[in-house]
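Coordinate analysis (summary)
The chain contents come next:
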Amino acid sequence: MAAFGEADSFVVDQMTDYFADNPLELGGTSYDVEIVVKDTQSDSVRAGEVTAELINDDGADLILAASTPDTVNPVADQCEANGVPCITTAAPWQPYFFGRGASEGDSFDWTYHFFWGLEDVEAVYQDMWSQVDTNSQAGALWPNDPDGNAWSADFPGVVSENGYTITDPGLYENGTQDYSAQISAFQAADAQILLGVPIPPDFATFWQQAQQQGYSPRIATVAKALLFPSAVEAIGDSADGLSTEVWWTPEYPYESSLTGQSAQELADAYESETGQQWTQPIGFVHALFEVAVAALTEADSVEGQAVVDALADLQVSTVVGDLDWTSGPVPNVAKTPLVGGQWRATEGGEHPFELVIVSNSEQPGIPTAGTVEPLG
């Protein structure tokens, strides 16, 4: 899951510079801000271990974490157990909330989250599917991990209401090297739609084998694996036309509550400083610090209970959208906007592929730049 962290050092450096010039003024005291970074190495067990280090060894007042339930859930659980405020993002809210053992009517005391939910990606994907002439047969590539478990439990019933049928060959293990069984099942069902939530290297392996074995859907909407330019470039020419959900782009009409940068300005700064194409997590990792500062400012204290009390009722405008923890969908969670995009190969462009927004049915205030083009 390294691609999720490509922008982390850029944002941490930016925020370190910001706090050097803008110490927090809380309760009449000026606080310097030290950011201590830990690498989970894409391992859920390690995520919990390094969170314990932050709490017990580094004396962290507030924990921030991002990217997939595999990371945010063990971090949040460790903070909940130790009574330390925690803010997380970049994981759909259902696997974050229900995947940690909560039920309807429950709430957590120390852990707060912001992101979109399965209901949003289901709506976006179906809007993209409706733009292509298909037989409404879909093949699902779902791994045996928190995302795969949540998606496979929710998606089929929702999309069946609109006439789609999902062929599910069963959950596979991350790191699988042979997808012949899945490809055969999709071919047998004539699945002209492909969906899934694989990690980037697994989808690259699957897609290469699908090309070799003659499976070619008319549209592929793939979460997680197709979010990042680096992952798309690794697939090569056959990535042209692949689609995914879009959490954040330079076209988003929001700006940072800390630096005042627009989404476009933040993306431009990243590209200028790193020489790399902008990537979706930039906005969300940046927004973690926006939420942290807003909560600390509202609490007017670094005392843990005051911080989580502030988070429970927090409303703040960020570079990823307007966040409101008072409006649900469940306690501890604030929703963010979601649109759909398609990767298009560029000829002589600055980057090999560009992500074009092709679905804004759920967020009409975010402009599209085209419609879905069938694969092949």
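Owing to the predicted nature of the structure, the values given are computational and were not obtained by experimental measurement.

Our next topic: the pattern of salt bridges. One pass over the full model with this rule turns up eight salt bridges. Taking the shortest distance from any N to any O, the salt bridge between Lys38 and Glu53 comes out at 3.1 Å. One end of the pair, Lys38, is in the loop between strand E2 (29-31) and helix H2 (44-56); the other, Glu53, is in helix H2, and 15 residues separate them in sequence. Judged by relative accessible area, Lys38 falls into the partly exposed class, the value being 31%. Here Lys335 makes a salt bridge to Glu119, at a shortest N to O gap of 2.8 Å. Here Lys335 is found in the loop between strand E13 (333-334) and strand E14 (339-345), whereas its partner Glu119 is found in helix H5 (residues 118-129), with 216 residues between them in sequence. Taking the relative accessible area as the measure of exposure, Lys335 reaches 27% and is therefore partly exposed. Sharing partners across several salt bridges, the network here consists of Lys38, Glu53 and Asp58.

Glancing now at the pairing of strand E5 (residues 111-114). Two faces, one strand: in a regular strand the side chains alternate between the faces of the sheet. In E5, alternate side chains face the same way, and those of Thr111 and His113 on one face and Tyr112 and Phe114 on the other are all buried. Inspection of the sheet shows strand E4 (residues 86-89) paired to E5 by four bridges, in the parallel sense. The residue bridging Ile87 from the neighbouring strand is Tyr112, located in E5. Of the pairings in the sheet, the one linking E5 to E13 comprises two bridges and is parallel in character.

Enumeration according to the criterion identifies 28 aromatic pairs in this entry. For the ring pair Tyr125 and Phe155, a centre distance of 6.1 Å and an interplane angle of 45° mean the geometry is tilted. Here Phe155 lies in helix H6 (residues 146-160) and Tyr125 lies in helix H5, a separation of 30 residues in the sequence. The same class applies to Tyr125 and to Phe155, which are both buried. An aromatic cluster of at least three residues, connected via ring pairs, comprises Phe4, Phe114, Phe115, Trp116, Phe228, Trp247, Phe284 and Trp325. For the cation-ring pair, Arg100 lies above Phe108, with the distance from its terminal atom to the ring centre recorded as 3.7 Å.

So, about H2. Over its 13 residues, H2 runs 19 Å from end to end, which matches the ideal 18 Å to within 8%, given 1.5 Å per residue. Buried within H2 we find Ala47, Gly48, Val50, Thr51, Ala52, Leu54 and Ile55. On its buried side, H2 packs onto strand E3 (63-66) and helix H3 (69-82). Where H2 begins, the capping side chain belongs to Asp43, and its oxygen is found 2.9 Å from the backbone nitrogen of Val45.

Now for the sheet that holds E5. Each strand in a sheet pairs with its neighbour through backbone hydrogen bonds, running either in the same direction (parallel) or in the opposite one (antiparallel). Strand order across the open sheet formed by four strands is E3-E4-E5-E13, with parallel pairing between neighbours. Strands with a single pairing partner mark the edges of an open sheet, and in this sheet they are E3 and E13. Together, E3, E4 and E5 form the strand contacts of H3, whose direction differs from that of E3 by roughly 160°.

Moving on, we come to the state of the cysteines. Throughout the structure, instances matching the rule amount to zero disulfides. Left without a disulfide partner, Cys79 is nearest to the cysteine sulfur of Cys86, which lies 3.8 Å away. Overall, Cys79 belongs to the buried group, its relative accessible area being 0%.

What follows is about unusual backbone geometry. Look at the link from Gly328 to Pro329: it is a cis peptide, with omega at 25°. You can see Pro329 is positioned in the loop between strand E12 (321-324) and E13. In this structure, Ser136 takes a positive phi of about 65° despite not being glycine. Tracing the backbone through its elements, the reader meets Ser136 in the loop between H5 and strand E6 (137-141). Located in the positive-phi region is Asn332, a residue other than glycine, with phi close to 80°. Taking relative accessible area as the criterion, Asn332 reaches 3% and is therefore assigned buried.

Taken N-terminus to C-terminus, the directions of helix H11 (residues 281-299) and helix H12 (residues 304-312) make an angle of 110°; their axes are 8 Å apart at the nearest point. Judged by the inter-axis angle, H11 sits roughly perpendicular to H12. The chirality of how H11 crosses H12 is right-handed. For the pair H11 and H12, contact is made by Val291, Ala295, Leu296, Glu298 and Ala299 and by Ala306, Val307, Ala310 and Leu311, respectively. For the contact of H11 with H12, a count of residues per class yields eight nonpolar, no polar and one charged.

Parameters and conventions
Residues numbered from 1 in each chain as written. Predicted model: local features only at pLDDT ≥ 70, side-chain atom pairs only at ≥ 80, totals over all residues. Heavy atoms only, no water. Salt bridge = Lys/Arg side-chain N within 4 Å of Asp/Glu carboxyl O. Helix = DSSP H or I, 4+ residues; strand = E, 2+ residues; numbered from the N terminus. Buried < 20%, exposed > 50% of the residue type's maximum accessible area, 1.4 Å probe, protein only. Pairing = 2+ DSSP bridges. Phe/Tyr/Trp six-rings, centres within 6.5 Å; stacked < 30°, edge-to-face > 60°. Lys NZ or Arg CZ within 6 Å of the ring centre and 35° of its normal. Expected span 1.5 Å × (residues − 1). Contact = heavy atoms within 4.5 Å. Polar contact = N/O pair within 3.5 Å; in protein donor to acceptor, adjacent residues only side chain to side chain. Axes fitted to C-alpha atoms, helices over the stretch in contact; angles between N-to-C directions. Disulfide = S-S within 2.5 Å. Parallel < 35°, antiparallel > 145°, perpendicular 65-115°, else oblique. Left-handed = near helix turned anticlockwise from the far one by under 90°. Nonpolar A, V, L, I, M, F, W, Y, C, P; charged D, E, K, R; others polar.

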